[in-house]
Amino acid sequence: MATLHGRNGRIYLAATAAGAAVNIGEATQWQIQTSRDLGDDSAFGDSWHTNVMGLLGWTISAEGHYDTAQVTPFDAATATGAVRLYVYPNQSDTAKYYYGQCWPNLSVTVPLGGVAAFSLSGTGDGQLAAN
């Protein structure tokens, strides 16, 4: 296993539920977070808490420089269905990536003294898979 530098990371997002995913070229970071529902299974006489697992879930977040030519983040955030997402820790190794469908939200920030930026946050819709 190799330690990775983030410079080769990539994020691909579809603009619509049926659209092809395209590279978000000005992205500077992405993060996936998984979660699980746990139900407390503790009972009288137990010394420690025990749990039973419920459903799994995931979220995505990404940030980058705002690019006026890149309309996919806006289109994805206003799509009427979940859109496809692919994230690569290292674009040079195309065999290793995460993918799924999500409901993204978009935020754009334009500061007076800095670079305009976008941020995406989204909730997974179904399974997050790893290839």
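Our subject is the structure that appears above.
Cut-off values and rules
- Residues numbered from 1 in each chain as written.
- Predicted model: local features only at pLDDT ≥ 70, side-chain atom pairs only at ≥ 80, totals over all residues.
- Heavy atoms only, no water.
- Helix = DSSP H or I, 4+ residues; strand = E, 2+ residues; numbered from the N terminus.
- Rg over C-alpha atoms; globule rule 2.2 N^0.38 Å.
- Buried < 20%, exposed > 50% of the residue type's maximum accessible area, 1.4 Å probe, protein only.
- Contact = heavy atoms within 4.5 Å.
- Areas by Shrake-Rupley, 256 points an atom, 1.4 Å probe, with all protein chains shown as cover.
- Lys, Arg positive; Asp, Glu negative; His and termini not counted.
- Charge placed at Lys NZ, Arg CZ, Asp CG, Glu CD.
- Core = buried A, V, L, I, M, F, W, Y, C linked by side-chain atoms within 4.5 Å.
- Pairing = 2+ DSSP bridges.
- Patch = residues over 30% accessible without salt bridge, like charges linked within 9 Å, V, L, I, M, F, W, Y side chains within 5 Å.
- Salt bridge = Lys/Arg side-chain N within 4 Å of Asp/Glu carboxyl O.
- Phe/Tyr/Trp six-rings, centres within 6.5 Å; stacked < 30°, edge-to-face > 60°.
- Polar contact = N/O pair within 3.5 Å; in protein donor to acceptor, adjacent residues only side chain to side chain.

S.K.: Talk me through the overall build of the chain; I want residue IDs and the actual numbers.
M.R.: Of the regular secondary structure elements, the chain holds one helix and eight strands. Radius of gyration (C-alpha) of the chain: 18 Å, far over the 14 Å computed for a compact globule of 131 residues. In terms of principal-axis extent, the alpha carbons of the chain reach across some 60 × 35 × 35 Å. Across the 131 residues that make up the chain, the buried fraction comes to 25%. For the chain, the proportion of contacts with a sequence separation of at least 24, taken over those separated by at least 6, is 61%. Only carbon and sulfur atoms are counted for the fraction: they give 52% of the accessible area of the chain, which is about 8700 Å². Taking the average location of the 5 positive side-chain charges in the chain and that of its 10 negative ones, the two points are 14 Å from each other.

S.K.: Describe in detail the nonpolar core, supporting the description with residues and values.
M.R.: Counting 15 residues, the largest nonpolar core has Ile11, Leu13, Ile60, Val83, Leu85 and Cys102 as its most contacted members. Elements represented by at least two residues in this core include exactly β1 (10–14), β4 (51–65), β5 (83–88) and β7 (117–124). Contacts of leucine 85, omitting those with residues within four sequence positions, involve Ile11, Tyr12, Leu13, Trp58, Ile60, Tyr98, Tyr99, Gly100 and Cys102.

S.K.: Go over the pairing of strand β6 (residues 98–109), please, and point to the residues and values.
M.R.: Direction of pairing for β5 relative to β6: antiparallel, over a ladder of five bridges. Looking at β6, one finds that valine 83 is bridged to cysteine 102. Bridge analysis of β6 against strand β8 (residues 129–130) gives two bridges, and the strand direction is antiparallel. Within β8, the residue paired with tyrosine 99 across the bridge is alanine 129.

S.K.: Describe in detail a nonpolar patch on the surface, supporting the description with residues and values.
M.R.: Taken together, Leu38, Met53 and Leu56 make up a surface patch of nonpolar side chains, about 340 Å² in accessible area. With respect to the helices, strands and loops of the structure, methionine 53 is situated in strand β4.

S.K.: An account of the packing of aromatic side chains is needed here, citing residue identities and associated values.
M.R.: Any aromatic ring pair is given by two values, namely how distant the centres are and how the planes are angled relative to each other. Here the structure, examined in full by the defined rule, presents six aromatic pairs. Between the aromatic rings of tyrosine 97 and tyrosine 99, the centroid separation amounts to 5.6 Å while the plane-to-plane angle is 45°, which identifies the pairing as tilted. Judged by relative accessible area, which is 33%, tyrosine 99 ranks as partly exposed. Following the ring pairs from residue to residue traces out a cluster consisting of Tyr12, Tyr86, Tyr88, Tyr97 and Tyr99.

S.K.: Please give an account of the side chain of threonine 72 that cites residues and values.
M.R.: Structurally, the position occupied by threonine 72 is in helix α1 (residues 72–77). A polar contact of 3.4 Å, which involves the side chain of threonine 72, links it to the side chain of glutamine 70.

S.K.: I'd love a proper account of the environment of glycine 64, names of residues and values included.
M.R.: Mapped onto the elements of the fold, glycine 64 is located in strand β4. Residues glycine 64 and tryptophan 30 lie 34 residues apart in sequence; the distance between their C-alpha atoms is 8.9 Å. Leaving out residues up to four positions away in the same chain, glycine 64 has contacts with Glu26, Ala27, Thr28, Ala116, Ala117 and Phe118.

S.K.: Before we move on, could you go through the side chain of glutamine 70 and cite the residues and values that matter?
M.R.: By the secondary structure assignment, glutamine 70 is in the loop between β4 and α1. With near-sequence residues (within four places) excluded, glutamine 70 lies in contact with Val22, Asn23, Ile24 and Gly25.

Shape is all these values report; function is a separate question.
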